[in-house]
Amino acid sequence: DTLLSRDPSLQVRPSLAESWRAVDETTWEFRLRPGVRFHDGSPLTAADVKFTVERVTQVANNPNSYATYIQGIREVQVVDDRTVRFMTDGPVPLLPTNISNIFILSSARGVRSTGEFNSGAAAIGTGPYRLASWQPGQPLVLDRNAEYFAGAPHWARVTFRPIANDGARVAALLAGDVDFINGVPLQDVARLQSGRTRVFGGPSAYVYMLFPEVGRDPLPGVRDVQGNALPRNPWRDPRVREAVSLAINREAIVERLMEGRARVANQAIPAGFFGHSDRIPAARFDPERARLLLRDAGYPNGFQTGLACPNDRFVNDSKICEAAAQQLQRVGIRVELSTQPRTTFFPARARREWPMHAAGWGSLTGESSYFLTSQIHTPNRELGLGAINYSGISDPALDALIGRGRRTLDDGERRRVLEEAMERTMAQHLVIPILTFE
């Protein structure tokens, strides 16, 4: 469990914390729910919250750091067993939203290694289900926590079975071997709607984007058409990045590949999210203009580049990547494509192994500062900023806007600043959105 949870519209609500308040501009106080116990029987206290938050920056070789969620917290104070205070280095208006992504661990067990969590040995929380068994590639089995503070959950046992093959997953559902599946193959939606099964879907927080490497110059993995290493990184030129955006036929990908179950994206967060700007122009498909921009940037014959993407995270994610690669090749950017399981992709992404990568990104806070602080801000380990900036992005003007946005308590002014930051990000094509999943 987390201190606060989210409702379907991503608004915060009580969870392990029954109440919270801003004591002043630099202090947030959370009051814990009484009587909560971890699965091993130990009681939840404010010391566990302090331990959990301080542990975030101590996880070695973390490929997907949670540091972005604790940005601005300079100290965690235990007032008493049920009261904890977060002291910040300035106003942090999104602290309740951010802290809703931090899962509370027992301090009694100390700092455990990633391997111990992966094995299940350290997977002890306060949630509605407790771990019964799991091995890599095998079903994850969870048993009911009858002492759960919100009441015992409905099912006595829940088993998650990994079924990677689309056809086998659908067949298991139709045969009654499983009760639910996710990642429904789009070609099977109509058939599953017409029988005893039902298909559920809705707007997603996830936007599928291309991330060109703009930090290193020269850049390994980019070559001219003869195969020679390029003396400079083409992705550092905004004209080249704009050419990529213009080369992608998003409408065709949405209608043909996604069968209409997605929306064309022109920025890194979906419409309706806090910080989404209506002033950003709609995405265009103009391959002739793309070729002209490449010529003006000094690449009249194009160039070669690597592109990597996960192949098991979203419906058709690798196919979206393949379609984008094919469309880039039509304007002269020849792509060496690598699709990988997420377990391989994400650690390699953290090592910045490719000239460009593609992935779906979800602004799970329901607003844009999560994306901007973690993916766009210049990396700053001390402040927890740029924690997932694996593209080498560094723009002082953007950093200043993001810094203002993360410290502005007034919602109207914060919205204006975040919209300006998103507009600057998209004007430079620092990331290249393709579609929003549904």
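The text that follows walks through the structure, step by step, so that each part is easy to find. A quick note: this is a predicted structure, and the numbers were derived from the prediction, not measured.

Conventions and cut-offs
The residue count restarts for each chain, going from 1 along the sequence in the order it is written. Reporting of local features is limited, given that this is a predicted model, to residues whose pLDDT is at least 70; pairs of side-chain atoms are given and counted only at 80 or more, and all residues count toward the totals for whole chains, interfaces and linings. With hydrogens and water excluded, all non-hydrogen atoms of the structure serve as input to the side-chain values. Partly exposed residues are those whose accessible area sits between 20% and 50% of the maximum for their type, while under 20% is buried and over 50% is exposed, using a 1.4 Å probe and protein chains only. Where helices and strands are cited, they refer to DSSP runs of H or I of at least four residues and of E of at least two residues respectively, numbered from the N terminus. Note on contacts: a residue pair is in contact if any heavy atoms of the two residues lie within 4.5 Å. DSSP calls a pair of strands paired once it identifies at least 2 bridges connecting them. To get an axis, fit a line to the C-alpha atoms, keeping to the stretch in contact for a helix; angles then go from 0 to 180 degrees between the N-to-C directions. Buried Ala, Val, Leu, Ile, Met, Phe, Trp, Tyr and Cys residues form a nonpolar core when they are joined through side-chain atoms within 4.5 Å. In this analysis, rings of Phe, Tyr and Trp, with Trp reduced to its six-membered ring, are considered paired at centre separations within 6.5 Å, and the interplanar angle assigns stacked below 30 degrees, edge-to-face beyond 60, and tilted for intermediate values. Whenever a nitrogen or oxygen atom comes within 3.5 Å of another N or O atom, the pair is scored as a polar contact, on the condition that within protein one atom can donate a hydrogen and the other can accept it, and that pairs from neighbouring residues in sequence are kept only if both atoms are in side chains.

1. Focus on helix H11 (residues 369-376)
Link 1 in the chain: Of all eight residues in H11, eight are buried; the element is thus mostly enclosed.
Link 2 in the chain: Listed as buried for H11 are Ser369, Tyr370, Phe371, Leu372, Thr373, Ser374, Gln375 and Ile376.
Link 3 in the chain: Turning to H11, the residues buried within the fold contact strand S10 (206-212), strand S14 (356-362), helix H12 (396-407) and helix H13 (411-427).

2. Looking at the sheet that holds strand S9 (residues 157-160)
Backbone-to-backbone hydrogen bonds pair the strands of a sheet. The strands run either parallel or antiparallel.
Link 1 in the chain: If you walk across this open sheet you meet the three strands as S7-S8-S9, and the pairing is antiparallel. The outermost strands of the open sheet, each flanked by one partner alone, are strand S7 (129-133) and S9. With direction set aside, neighbouring strand axes in the sheet form an average angle of 30 degrees.
Link 2 in the chain: Note: strand S8 (residues 140-144) against S9, four bridges, orientation antiparallel. Bridging across to S9, Asp143 finds its partner in Arg157.

3. A closer look at the pairing of strand S12 (residues 303-310)
Link 1 in the chain: By the criterion of burial, S12 is predominantly enclosed, with eight of the eight residues buried.
Link 2 in the chain: On S12, burial covers both faces: Phe303, Thr305, Leu307 and Cys309 on one face and Gln304, Gly306, Ala308 and Pro310 on the other are all buried.
Link 3 in the chain: The sheet contact formed by S12 and strand S13 (residues 333-340) spans eight bridges and is parallel. Its bridge partner being in S13, Phe303 is matched across the sheet by Ile333.

4. Focus on the nonpolar core
Link 1 in the chain: Counting residues in each nonpolar core, the largest one holds 104 residues, and the members touching the most others are Leu3, Phe30, Phe86, Trp235 and Leu435.
Link 2 in the chain: Listed in part, the ten residues of the second largest apolar core include Ala172, Leu173, Val184 and Leu192.

5. Examining the sheet that holds strand S4 (residues 27-32)
Link 1 in the chain: Pairing within the open sheet is antiparallel, and its four strands lie in the order S3-S4-S6-S5. Strands with a single pairing partner mark the edges of an open sheet, and in this sheet they are strand S3 (17-24) and strand S5 (73-80). Neighbour-to-neighbour, the strand axes of the sheet open up by a mean angle of 20 degrees, direction not taken into account.
Link 2 in the chain: Judged from the six bridges that link them, S3 and S4 form a sheet pairing that is antiparallel. By the bridge assignment for S4, Ala22 is matched with Trp28.

6. A short note on the side chain of Ser368
Link 1 in the chain: Mapped onto the elements, Ser368 comes out in the loop between S14 and H11.
Link 2 in the chain: Residue Ser368 is classed as buried on the basis of its relative accessible area of 0%.
Link 3 in the chain: Apart from the residues lying within four places of it in its own chain, the contact partners of Ser368 are Ile269, Phe274, Gly275, Leu418 and Met422.

7. Some words on helix H1 (residues 46-55)
Link 1 in the chain: H1 sits mainly inside the fold: seven of its ten residues count as buried.
Link 2 in the chain: Buried residues of H1: Ala46, Asp48, Val49, Phe51, Thr52, Val53 and Arg55, and no others.

8. Section: the packing of aromatic side chains
Link 1 in the chain: Counting across every chain of the model gives 13 aromatic pairs.
Link 2 in the chain: Plain terms: the ring middles of Tyr208 and Phe437 are 6.1 Å apart, the flat faces sit at 85 degrees to each other, and that makes the pair edge-to-face. With Tyr208 in strand S10 and Phe437 in strand S15 (residues 432-437), this residue pair connects regions lying 229 residues apart in the sequence.
Link 3 in the chain: For Tyr208, a relative accessible area of 1% puts it in the buried group.
Link 4 in the chain: Residue Phe437 is classed as buried on the basis of its relative accessible area, which comes to 5%.
Link 5 in the chain: On the numbers, 4.9 Å between centres and 40 degrees between planes, the contact of Trp361 with Tyr370 is tilted. Tyr370 carries the same exposure label as Trp361, and that label is buried.
Link 6 in the chain: Each member of the aromatic cluster is reached from another via a ring pair, and the members are Tyr66, Tyr69, Trp361, Tyr370 and Phe371.

9. So, the side chain of Ser100
Link 1 in the chain: Examined against the element boundaries, Ser100 turns out to sit in the loop between helix H2 (95-99) and helix H3 (114-119).
Link 2 in the chain: Ser100 sits in the buried class, given a relative accessible area of 7%.
Link 3 in the chain: A distance of 2.8 Å separates the side chain of Ser100 from the side chain of Arg6, its partner in a polar contact.
Link 4 in the chain: Once you skip the residues sitting within four places of it in the chain, Ser100 turns out to touch Thr2, Leu4, Arg6 and Val12.

Treat this as a map of the structure, not an account of what it does.
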